[in-house]
Amino acid sequence: MEKTLYFASLFFLCFWAKAQENKPYNYIVPESKIADSDHTIEVNKKGDTVFIAHYKGQDLINRSNQDFVRTYKGTPFFKNGWYRGKVQTGTGMEWEFVMAYNIQKEEVYLSNNPNMEATVMRPVSFTMAGHTFRQYKNQYYEVIYEGGSQIWKEYGCTLVFSKSGQRTGYEAEGGVNEYDGEFVKTVKYYLKEGDKLREIPSKNRLFKLFGAKSNDVKNYAKTKGLNLSKETNLVSLFRYYDSL
């Protein structure tokens, strides 16, 4: 038993050391080519979760430092924060951390506690906030249904910069320039067929996926009054299809 634990610890230390070799992480892709040196996640008076990025740079012409702040609505993180979760390795081992999933950059940040600097990793799979993600072809997906069919969910995040230009700090609260940009999050659903992912179309177009059974599935959705824009109803539809 002690020998097994020794090799497990040795493997993890190598795994951890390799990750620590990475250069300091840039949490977002800023409009300026200056990496954010620090960030905070806050909830403002309006109740909006905001990502505040602190930038440090150097003006080579004027030989001066540049320190400035950008405030973005939302965050690039899954569920906008850090959670206690678990990481699974390719050997089947599991490790618990405080962690965050950056949807925009498809990376996972791990720390032993909130006061330690985070490490960037791309584990085989991980679980946080009750959601389990798997890496597939260099991207993470959440498997939301596994029956005869498999439904995989892809999360997307894009930082959309404010069209009105840079804020001055004198804008009225709630005005056009209140934020320097916004992290816009999206989801897509896929049907996994062998080694391929087939995007599930929206509304009535999805019934084409059911082939000869499409009328049966369509009648089921109509009888149950399913709103197919809701994830739970989408799962119910495929569960019924698999039962036919």
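Located above this text is the structure these notes cover.
Quantities reported herein were computed from a predicted structural model and do not represent experimental measurements. (Residues numbered from 1 in each chain as written. Predicted model: local features only at pLDDT ≥ 70, side-chain atom pairs only at ≥ 80, totals over all residues. Heavy atoms only, no water.)

Asker: In this structure, what is going on with the nonpolar core? I would like to understand it.
Answerer: Burial of nonpolar side chains together is a common tendency in soluble globular proteins. Of all hydrophobic cores here, the largest spans 25 residues; its most connected members are Tyr101 and Phe126. Listed by contribution, the elements that provide at least two residues to this core are β2 (49–59), β5 (94–102), β6 (107–111), β7 (119–121), β8 (125–128) and β11 (150–161). Looking at this core element by element, the count peaks at 4 residues for β5. Those residues in contact with Phe126, other than ones at most four positions away along the chain, are Lys86, Val87, Gln88, Met99, Tyr101, Val108, His131, Thr132, Phe133 and Tyr140. If you look at the next biggest cluster of nonpolar residues, it comprises 18 residues, including Tyr189, Ala221, Leu226 and Leu237. (Core = buried A, V, L, I, M, F, W, Y, C linked by side-chain atoms within 4.5 Å. Buried < 20%, exposed > 50% of the residue type's maximum accessible area, 1.4 Å probe, protein only. Helix = DSSP H or I, 4+ residues; strand = E, 2+ residues; numbered from the N terminus. Contact = heavy atoms within 4.5 Å.)

Asker: Would you explain the side chain of Asn102 in this entry?
Answerer: Mapping Asn102 onto the fold places it in strand β5. Engagement of the side chain of Asn102 in a polar contact is seen with the backbone nitrogen of Lys105, the distance being 3.0 Å. (Polar contact = N/O pair within 3.5 Å; in protein donor to acceptor, adjacent residues only side chain to side chain.)

Asker: Could you clarify how one ought to interpret helix α2 (residues 214–224) in this entry?
Answerer: Counting along an α-helix, one turn takes 3.6 residues, and residues three or four places apart therefore face a common direction. All buried positions along α2 are accounted for by Ser214, Val217 and Ala221. Down the axis of α2, the smallest arc covering the buried residues is 70 degrees, so these residues share one side. Along α2, the residues that are exposed and aim more than 90 degrees away from the buried face are Asn215, Lys222 and Thr223. Against α3 (231–243) lie the buried residues of α2. Immediately beyond the C-terminal end of α2, within one or two residues, lies Gly225, with a positive phi of roughly 65 degrees. (Arc of directions from axis to C-beta.)

Asker: Even after reading the chapter, I still don't get the packing of aromatic side chains, so can you show me in this structure?
Answerer: Centre distance and the angle of the planes are the two values used to describe a pair of aromatic rings. In total, this model carries 24 aromatic pairs according to the counting rule given. Between Phe77 and Tyr109, the aromatic rings sit 5.8 Å apart at their centres with planes inclined by 85 degrees, giving edge-to-face as the arrangement. You can see Phe77 sitting in the loop between β3 (64–73) and β4 (83–88) and its partner Tyr109 sitting in strand β6, a full 32 residues away along the chain. The residues Phe77 and Tyr109 share a single accessibility class, namely buried. Judged by centre distance (5.7 Å) and plane angle (50 degrees), the ring pair of Tyr141 and Trp152 falls under tilted. Residue Tyr141 is located in strand β10 (residues 139–146), and its partner Trp152 is located in strand β11; the two are separated by 11 residues in the primary sequence. (Phe/Tyr/Trp six-rings, centres within 6.5 Å; stacked < 30°, edge-to-face > 60°.)

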